[in-house]
2 protein chains.
Amino acid sequence: MLKETGIEGLSLRKLAEKTGVSRTAPYHHFKDKNQLLCAIAEQGFKHWQHNAEKIFNQTDLSLKEKYHQFFLGYIRYAADNPELYDLMFGRTIWKQNKATQNLRDVAYPSFNYQVQMTQDWQQQGLLPKGENTLRLSQVTWGTMHGIARLLIDGIYADQTHIDEMCECAVNLFTQGFSEVTDAI
Amino acid sequence: MLKETGIEGLSLRKLAEKTGVSRTAPYHHFKDKNQLLCAIAEQGFKHWQHNAEKIFNQTDLSLKEKYHQFFLGYIRYAADNPELYDLMFGRTIWKQNKATQNLRDVAYPSFNYQVQMTQDWQQQGLLPKGENTLRLSQVTWGTMHGIARLLIDGIYADQTHIDEMCECAVNLFTQGFSEVTDAI
DNA sequence: ATTACTATCTTGACACTGTCAACATAAGTT
DNA sequence: AACTTATGTTGACAGTGTCAAGATAGTAAT
């Protein structure tokens, strides 16, 4: 239903009706509409985490290629699941602290994972060592997030640009990376 | 009211009541709630455009500093007017083509302006010349947009990081820029 | 086996929303 | 003076999230 009608169109009543159950039945499983949304977002995070690890565990790729795949994978995941992505990283949940504790427990490690990865990439020379790790990961993630949002909301970019945009971004970030280390 | 209650909390009825007028009065000035939102967003674009030009017309700054100011100005504008920014670049309007023609006429030139600037920066050597201009401006704008959104939605970044994040981003993008040209 | 409890579902009701239709009134134009 | 337009009004409808009170069935405890 999220995929069909979008996050705004998702109504508890219609959802209940579609399930063949009365309007207030969902309230015995979720305190709130918000809690339902948080639960869905939670699943999204787990799914994405699984997805990311699969990319990182590919052994037949160079460091830069792996980063490229990660970047591309992130954008594709967002583009393929626009409504879910909006739920996971959108204001509906995060604005004004509406996120469930459960959701936080899944989301925050996912954020930290990103910082950890950035640190590794810096140490391996893929990303500039001079920059503060936290800032750098905020910026690089910000870039992925921003591109994802532009795509999802249909502003100024569309699906056919994905590959080229990602390549451009990765080039920018890894400018100083010497390809020699690839060969080792 | 947008600033107080946010974009979701803005209701036509409350707005009318606050203005001391009946519920359906607004409908004689705007066809829709959507049209009202578009009109507000339109003002936002004009305001921002004005803001951006003011930054570009500063003559006492080096090229890189000017870019830095632009970047910072964008993020600050978003952080200072979170609800307005959300309206201007959020899914409420753009998702599924709900934007008014009037809004489009103001917004699209604003997008093009960004591309034009990117081209200039490339020619002046501030940004990498090798990259496709459109892709590059999508990526750089994506970065600004993404950071803005993370800030606004309170994910993974907060207001105290603004300056450092912008500096980090500008450093990344202008890596190959020789400072010599600054002195000329 | 009876009792108590808990999980689940139900209908009724409330306040809120955007929006339409029908009607009123005042201002300006012909 | 008559007509048109801009602007306002109340009434009504369908939709929403959510609470309260009651129904039913399955499980655990005595």
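Before reading further, recall that the structure is shown in the block above.
In this text the structure is predicted, and so the values were computed from the model without any measurement.

A. Representation of the relation of the copies chain B and chain A in the model. Mapping chain B onto chain A calls for a screw motion: a turn of 180 degrees about the axis and a shift of 0.0 Å along it, with 0.1 Å RMSD after fitting. Given the turn and translation reported, the copies of this chain are related as if by a two-fold rotation axis. A symmetric contact is evident, with 98% of the interface residues of chain B recurring at the interface of chain A.

B. The protein's contact with DNA strand D, seen in detail. In the neighbourhood of DNA strand D, 17 residues make up the surrounding shell, with Arg-13 and Thr-24 of chain A together with Ser-22, His-28 and His-29 of chain B lying closest. Sugar and phosphate atoms represent 38% of those atoms of DNA strand D found within 4 Å of the protein. Tyr-27 of chain A places a polar side-chain atom, nitrogen or oxygen, 2.9 Å from a phosphate oxygen of DNA strand D. Side-chain polar atom of His-28 of chain B to a base nitrogen of DNA strand D: 2.7 Å apart, as the coordinates give it. Examining the composition of the surface near DNA strand D, we find that three residues originate from one element, helix α2 (residues 12-19) of chain A, more than from any other. Partitioned by chemical class, the residues of the surface near DNA strand D number five nonpolar, six polar and six charged.

C. Representation of the packing of helix α4 (residues 63-80) of chain A against helix α9 (residues 162-173) of chain A. Residues and elements named next belong to chain A. Look at α4 against α9: their axes get within 10 Å of each other, and the N-to-C directions meet at 140 degrees. The angle between α4 and α9 falls in the class oblique. Once α4 is placed against α9, the crossing between them reads as right-handed. Counted together, Lys-64, Tyr-67, His-68, Phe-71, Leu-72, Ile-75, Arg-76 and Ala-79 of α4 and Ile-162, Asp-163, Cys-166, Glu-167, Ala-169, Val-170, Asn-171 and Phe-173 of α9 form the full contact between these two elements. Residue composition of the contact of α4 with α9, grouped by class: ten nonpolar, two polar and four charged.

D. Highlighting the interface of chain B and chain A. Tallying the contact residues gives 43 residues for chain B and 42 residues for chain A. Note on chain B versus chain A: buried area summed over both sides is about 4000 Å², and carbon and sulfur give 62% of it. When the area that chain B buries against chain A is broken down by residue, the three leading residues are Arg-91, Tyr-156 and Leu-172 of chain B, summing to 20%. At the boundary of chain B and chain A, one finds ten salt bridges. The shortest N-O distance in the salt bridge between Asp-86 of chain A and Arg-91 of chain B comes to 3.1 Å. Between chain B and chain A we count 16 residue pairs in polar contact (both at pLDDT 80 or more) in total. Examining the composition of the side of chain B that touches chain A, we find that 15 residues originate from one element, helix α8 (residues 133-153) of chain B, more than from any other. For the side of chain B that touches chain A, the class distribution of residues is 21 nonpolar, twelve polar and ten charged.

E. Representation of the protein's contact with DNA strand C in the model. Taken together, 17 residues surround DNA strand C, and among them Ser-22, His-28 and His-29 of chain A together with Arg-13 and Thr-24 of chain B come closest. Taking the atoms of DNA strand C that fall within 4 Å of the protein, sugar and phosphate contribute 36% of them. At 3.1 Å from a base nitrogen of DNA strand C is found a side-chain nitrogen or oxygen belonging to Arg-23 of chain A. Ser-11 of chain B is positioned such that a nitrogen or oxygen atom in its side chain is 3.0 Å from a phosphate oxygen of DNA strand C.

Criteria and thresholds
Residues numbered from 1 in each chain as written. Chains lettered and ligands numbered in written order. Predicted model: local features only at pLDDT ≥ 70, side-chain atom pairs only at ≥ 80, totals over all residues. Heavy atoms only, no water. Least-squares fit on C-alpha atoms with pLDDT ≥ 70 in both. Contact = heavy atoms within 4.5 Å. Near = heavy atom within 4 Å. Polar contact = N/O pair within 3.5 Å; in protein donor to acceptor, adjacent residues only side chain to side chain. Helix = DSSP H or I, 4+ residues; strand = E, 2+ residues; numbered from the N terminus. Nonpolar A, V, L, I, M, F, W, Y, C, P; charged D, E, K, R; others polar. Axes fitted to C-alpha atoms, helices over the stretch in contact; angles between N-to-C directions. Parallel < 35°, antiparallel > 145°, perpendicular 65-115°, else oblique. Left-handed = near helix turned anticlockwise from the far one by under 90°. Buried area = accessible area lost by both parts, 1.4 Å probe. Salt bridge = Lys/Arg side-chain N within 4 Å of Asp/Glu carboxyl O.

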